[in-house]
Amino acid sequence: GLGQSLMASTSLENGSIVLWDLNAKKIHAVLETPHSGKDVTHLSFLPNEPVLISASEEDNSIKMWLFEKG
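Please read all numbers here as calculations on a predicted model, not as lab measurements. (Residues numbered from 1 in each chain as written. Predicted model: local features only at pLDDT ≥ 70, side-chain atom pairs only at ≥ 80, totals over all residues. Heavy atoms only, no water.)

Notes on the pairing of strand β4 (residues 42-45)
Judged from the four bridges that link them, β4 and strand β5 (residues 51-56) form a sheet pairing that is antiparallel. The residue of β5 that forms the bridge with Phe-45 is Leu-52. Hairpin geometry of β4 and β5 is characterised by an intervening segment of five residues between the two adjacent antiparallel strands and by a positive phi of about 60 degrees at Asn-48. (Pairing = 2+ DSSP bridges. Helix = DSSP H or I, 4+ residues; strand = E, 2+ residues; numbered from the N terminus.)

Shown next, in the form of structure tokens:
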């Protein structure tokens with residue numbers, strides 16, 4: 001992996017995805033409006049992979065986010 005413990009959450013206000021670094025106890029990154037401002041209805045990391053899957057029922061889409069070092 002990336003040597004990090006990340007947790008993902010969503011914001012109901014603007015549809016952004018917030019990635020939290022659990023080791024450093026701070027925000028690692030924010031994905032602004034990943035589904036064009038629509039609600040994100042599902043988030044899941046792939047086991048043992050640096051990949052986050054997000055889905056939105058409002059725009060009927062599934063997206064993959066790849067996290068690389070650096």
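What about the sheet that holds β5?
Taken together, the three strands give an open sheet; going across it, the order is β4-β5-β6, and neighbouring strands pair in antiparallel fashion. Each edge of the open sheet carries a strand with a single partner, namely β4 and β6 (61-66). Across the sheet, the mean angle from the axis of one strand to that of its neighbour is 15 degrees, orientation sign disregarded. (Axes fitted to C-alpha atoms, helices over the stretch in contact; angles between N-to-C directions.)

As for the sheet that holds strand β3 (residues 26-31)
Through backbone hydrogen bonds, the strands of a sheet pair up, either in parallel or in antiparallel fashion. Taking strand neighbours across the sheet as the criterion, the three strands line up as β1-β2-β3 in an open arrangement whose pairing is antiparallel. On the outer flanks of this sheet lie β1 (6-10) and β3, each paired with one strand and no other. Ignoring strand direction, the axes of neighbouring strands in this sheet form an average angle of 25 degrees. Two elements, strand β2 (residues 17-21) and β3, share five bridges in a ladder whose sense is antiparallel. Residue Asp-21 lies in a different strand from β3, and its bridge partner there is Lys-26.

Quick look at the pairing of β1
Bridge count between β1 and β2: five bridges; the pairing is antiparallel. Among the inter-strand pairings, Met-7 is bridged to a residue of β2, identified as Trp-20. Counted along the chain from β1 to the antiparallel partner β2, the turn is six residues long, and its residue Gly-15 has a positive phi close to 75 degrees.

Let's talk about the nonpolar core
Of all hydrophobic cores here, the largest spans six residues; its members are Ile-17, Leu-19, Leu-31, Val-40, Leu-52 and Phe-67. With near-sequence residues (within four places) excluded, Leu-52 lies in contact with Ala-8, Ile-17, Leu-19, Leu-43, Ser-44, Phe-45, Lys-63, Met-64, Trp-65 and Phe-67. (Core = buried A, V, L, I, M, F, W, Y, C linked by side-chain atoms within 4.5 Å. Buried < 20%, exposed > 50% of the residue type's maximum accessible area, 1.4 Å probe, protein only. Contact = heavy atoms within 4.5 Å.)

Focus: the packing of aromatic side chains
The geometry of an aromatic ring pair is captured by the separation of the ring centres together with the interplanar angle, meaning the angle of the planes. Inspection of every chain in the model, using the stated rule, returns one aromatic pair. When the centroid spacing of 6.4 Å and the interplanar angle of 45 degrees are considered together, the rings of Phe-45 and Phe-67 count as tilted. Of the two residues, Phe-45 is situated in strand β4 and Phe-67 in the segment after β6; the sequence distance between them amounts to 22 residues. Here Phe-45 falls in the partly exposed class, since its relative accessible area comes to 30%. (Phe/Tyr/Trp six-rings, centres within 6.5 Å; stacked < 30°, edge-to-face > 60°.)

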